[in-house]
Amino acid sequence: MCSNKHVGRLNLDESQYDQDTYWGRFRHYFQRTNPFNLFTSSDTLEDSKCLYLKYRCGEPLAADVTEDEIWRAKALFESAYNTETGEKISFWARPAAFVPVNMVLAGGMMAYYKSTPGVVFWQWLNQTYNTWVGYKNKSSDDEITNTQLITSYVVATGTAIGTALGLNRLLVNSPSLVGRFVPFLAVAAAHCVGTPLLKAQTLKNGTPIYDDCHNKLGYSKNAAYASISDSIVNKIFIAMPPMILTPLMMNYLERRGTLCRYPWLNFPAHAGFAGLCLTFLSPLACALYAQRAHMPYKHLETDMREALCKKFYDRPPKYVYYQQNV
């Protein structure tokens, strides 16, 4: 992207980076989860919001404003504000808080996986945080009732705790490395049951679909199923780097006797290595799926295909698009 003065109009509905390429998606997610955005002052965030909204509304800007400054303003705006309402997101619910918060949560789940009180506390805390962040960052199209939210939270938490405690008992005589993977399996199980419950209304009514110009075409249940399925798989992929590689590293340190000589390193080592994985490897997992996914027209449900045929005079679009929640 040229850093000279902006010429023409930038499409701020799109990412700064090409989302049709894996590298572009990686850069997009790395930018969104950059923890240094948390240190941005309130004044800078407000200035970025003002610049971003002015540009979107076509208001005149200072002559020396560059394209890079506009993209930077968009990135900061999206890192701290709800893009639909413009309200500031709670500090620890922002995308930039993903790494520092989850390194602590992942570190706790893996460091204390043998202790029953530790399993219950850290799995409960992880599911509580995930539910809170999901609720704070939901879009206006997410029709989540309090009943759905509570049900999803209770079932996901119970599944995570039950899976972890059950596997710990089942694998009590297994090699120590096998037991270290139990927290990951518990988290994966919670995603498999919690996400569909939280999105029950979306599964019932469908998710919004768009044409290639971002015009809403309606709601599709088939797209909702695809979106939620991909979301579950992607969440599991995101958890894999810190919760698969960290146990391997800790098992190595345990065999060398490092953790026995310095037991106080247990939690810091788990959290620190998990943080490295979350910072650099989790965006690689996020990039496996485009934020704006597409579905062939022929894969839509019959009534939606018929509606689009009428709308486009028997020349419907080859693909429809829907928002992918990662």
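1. Points about the overall build of the protein chain
Of regular secondary structure, the protein chain possesses 14 helices and four strands. Here the protein chain has a C-alpha radius of gyration of 22 Å; the compact-globule value for 326 residues is 20 Å, and the two agree. Taking the principal axes of the C-alpha coordinates as reference, the protein chain spans close to 65 × 50 × 35 Å. Looking at the protein chain residue by residue over its 326 residues, the buried ones come to 44%. When contacts within the protein chain are restricted to residue pairs at least 6 apart in sequence, long-range pairs at least 24 apart make up 75% of them. Working note: accessible area of the protein chain is about 17000 Å², and carbon and sulfur atoms make up 59% of it. Taking the average location of the 32 positive side-chain charges in the protein chain and that of its 26 negative ones, the two points are 9 Å from each other.

2. Observations regarding empty space enclosed by the protein
All chains considered together, the criterion is met by two cavities of 30 Å³ or more. Within this model, the largest cavity holds a volume of roughly 80 Å³. Taken together, Ser-15, Gln-16, His-28, Gln-31, Arg-32, Trp-71, Lys-74, Ala-75, Glu-78 and Ser-79 make up the full set of residues lining the largest cavity. For the lining of the largest cavity, the secondary structure elements donating two or more residues are α1 (22–32) and α3 (67–80).

3. Focus: the environment of Ala-97
By the element assignment, Ala-97 lies in the loop between α3 and α4 (98–111). For the pair Ala-97 and Gln-201, spaced 104 residues apart in sequence, the C-alpha separation works out to 28 Å.

4. Examining the pairing of strand β1 (residues 207–210)
Where β1 and strand β2 (residues 216–220) come together, four bridges link them in antiparallel fashion. When the sheet's bridge partners are listed, Thr-207 is paired in β2 with Ser-220. Adjacent in sequence and paired antiparallel, β1 and β2 are bridged by five residues, among which His-214 carries a positive phi angle near 70 degrees.

5. Observations concerning the state of the cysteines
The tally for this structure, following the rule as stated, stands at zero disulfides. You can see Cys-192 has no disulfide; the closest cysteine sulfur is in Cys-286, sitting 17 Å from it. Owing to a relative accessible area of 40%, Cys-192 belongs among the partly exposed residues under this scheme.

6. Here's the deal with the environment of Thr-40
One can find Thr-40 in the loop between α1 and α2 (42–56). Distance from Thr-40 to Ala-80, taken between C-alpha atoms, is 9.6 Å for residues 40 residues apart in sequence. Contacts of Thr-40, omitting those with residues within four sequence positions, involve Leu-45 and Leu-76. A polar atom in the side chain of Thr-40 sits 3.0 Å from the backbone oxygen of Asn-37.

7. Here's the deal with the nonpolar core
Tyr-129 and Met-243 are the most contacted members of the largest nonpolar core, which totals 23 residues. Filtering out sequence-adjacent residues up to four positions away, Met-243 remains in contact with Met-109, Met-110, Phe-181, Pro-183, Phe-184 and Val-187.

8. Here's the deal with the confidence of the model for the protein chain
Across the protein chain, the average pLDDT comes to 87, with 95% of residues at 70 or higher. For the protein chain, per-element mean pLDDT is lowest for helix α11 (residues 258–261), which scores 81, and highest for α4, which scores 94. Ignoring residues within four places in sequence, the model shows residues 1–8, a span with pLDDT below 50, making 21 contacts including any to other chains.

9. Quick notes on the packing of aromatic side chains
Two aromatic rings, taken as a pair, are described by how far apart their centres are and by the angle between their planes. Evaluation of the coordinates by the stated rule reveals 13 aromatic pairs. Here the aromatic rings of Phe-121 and Trp-122 are separated by 5.2 Å at their centres, their planes lie at 80 degrees, and the arrangement is edge-to-face. Accessibility expressed as a relative area gives 39% for Phe-121, which makes it partly exposed. When its relative accessible area of 12% is taken as the criterion, Trp-122 is described as buried. The rings of Tyr-112, Phe-121, Trp-122, Trp-124 and Phe-267 are connected pair by pair, giving a single aromatic cluster. Note that Arg-292 overlies the ring of Tyr-321, its terminal NZ or CZ placed 4.2 Å from the centroid.

Conventions used here
Residues numbered from 1 in each chain as written. Predicted model: local features only at pLDDT ≥ 70, side-chain atom pairs only at ≥ 80, totals over all residues. Heavy atoms only, no water. Helix = DSSP H or I, 4+ residues; strand = E, 2+ residues; numbered from the N terminus. Rg over C-alpha atoms; globule rule 2.2 N^0.38 Å. Buried < 20%, exposed > 50% of the residue type's maximum accessible area, 1.4 Å probe, protein only. Contact = heavy atoms within 4.5 Å. Areas by Shrake-Rupley, 256 points an atom, 1.4 Å probe, with all protein chains shown as cover. Lys, Arg positive; Asp, Glu negative; His and termini not counted. Charge placed at Lys NZ, Arg CZ, Asp CG, Glu CD. 1 Å grid on protein atoms, 1.4 Å probe; cavity = no way out; pocket = protein on both sides within 12 Å on 5 of 7 lines; lining within 4 Å. Points joined across faces, edges and corners; volume = space filled by probe spheres on them. Pairing = 2+ DSSP bridges. Disulfide = S-S within 2.5 Å. Polar contact = N/O pair within 3.5 Å; in protein donor to acceptor, adjacent residues only side chain to side chain. Core = buried A, V, L, I, M, F, W, Y, C linked by side-chain atoms within 4.5 Å. pLDDT = per-residue confidence, 0-100. Phe/Tyr/Trp six-rings, centres within 6.5 Å; stacked < 30°, edge-to-face > 60°. Lys NZ or Arg CZ within 6 Å of the ring centre and 35° of its normal.

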